[in-house]
Amino acid sequence: MLGLAGFIVALLSGMLVGNDATSTLVRALLAMIVCQLVGIVLGAIGKSVIDDHLNARQAARAAVAPVGVSDEPIIEVSPVEESESA
């Protein structure tokens, strides 16, 4: 998504300045590639931060939970099958 945004910004700014089409498109494609790489790196960092937070939260929750208490549901509910009624 960040790559597309970089492409659009570079394309519009090149058109508004009055650059020729070839240089505008080449610069827009380069901006798209660079912005895509930046987006991939930022996405990986964000995923790592969220995973670390969830793991820490799960560990803290496990340390606080009383002995014998689990995250398993107390009752298992199965879907109700509908029967045809006349």
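Residues numbered from 1 in each chain as written. Predicted model: local features only at pLDDT ≥ 70, side-chain atom pairs only at ≥ 80, totals over all residues. Heavy atoms only, no water.

1. Some words on the side chain of Thr 24
Here Thr 24 is to be found in helix α2 (residues 21–64). Residue Thr 24 is classed as buried on the basis of its relative accessible area, which comes to 4%. (Helix = DSSP H or I, 4+ residues; strand = E, 2+ residues; numbered from the N terminus. Buried < 20%, exposed > 50% of the residue type's maximum accessible area, 1.4 Å probe, protein only.)

2. What to know about the side chain of Ser 23
When you line up the elements, Ser 23 lands in helix α2. Here Ser 23 falls in the buried class, since its relative accessible area comes to 19%. For Ser 23, the side chain forms a polar contact with the side chain of Asp 20, separated by 2.7 Å. (Polar contact = N/O pair within 3.5 Å; in protein donor to acceptor, adjacent residues only side chain to side chain.)

3. A look at α2
For the α-helix, the turn length of 3.6 residues means that residues three or four positions removed from each other point alike. Taking 1.5 Å per residue as the helical rise, α2 with its 44 residues ought to reach 64 Å, and the 63 Å between its terminal C-alpha atoms agrees with that figure. Residues of α2 that are buried include every one of Ser 23, Thr 24 and Ala 28, and no others. Each element contacted by the buried residues of α2 is listed here: α1 (2–17). (Expected span 1.5 Å × (residues − 1). Contact = heavy atoms within 4.5 Å.)

4. Section: a nonpolar patch on the surface
Residues Leu 2, Val 34, Val 38, Val 41, Leu 42, Ile 45 and Val 49 make up a contiguous nonpolar surface patch of roughly 600 Å² in combined accessible area. Inspection of the secondary structure assignment puts Val 38 in helix α2. Residue Val 38 is classed as partly exposed on the basis of its relative accessible area of 40%. (Patch = residues over 30% accessible without salt bridge, like charges linked within 9 Å, V, L, I, M, F, W, Y side chains within 5 Å. Areas by Shrake-Rupley, 256 points an atom, 1.4 Å probe, with all protein chains shown as cover. Salt bridge = Lys/Arg side-chain N within 4 Å of Asp/Glu carboxyl O.)

5. Quick look at the pattern of salt bridges
What the rule picks out here adds up to one salt bridge. A salt bridge links Asp 51 to Lys 47; its shortest N-O distance comes to 2.9 Å. One end of the pair, Asp 51, and the other, Lys 47, are both in helix α2, four residues apart, so they sit about a helical turn from each other. Accessibility expressed as a relative area gives 31% for Asp 51, which makes it partly exposed. The exposure class of Lys 47 is exposed, given its relative accessible area of 53%.

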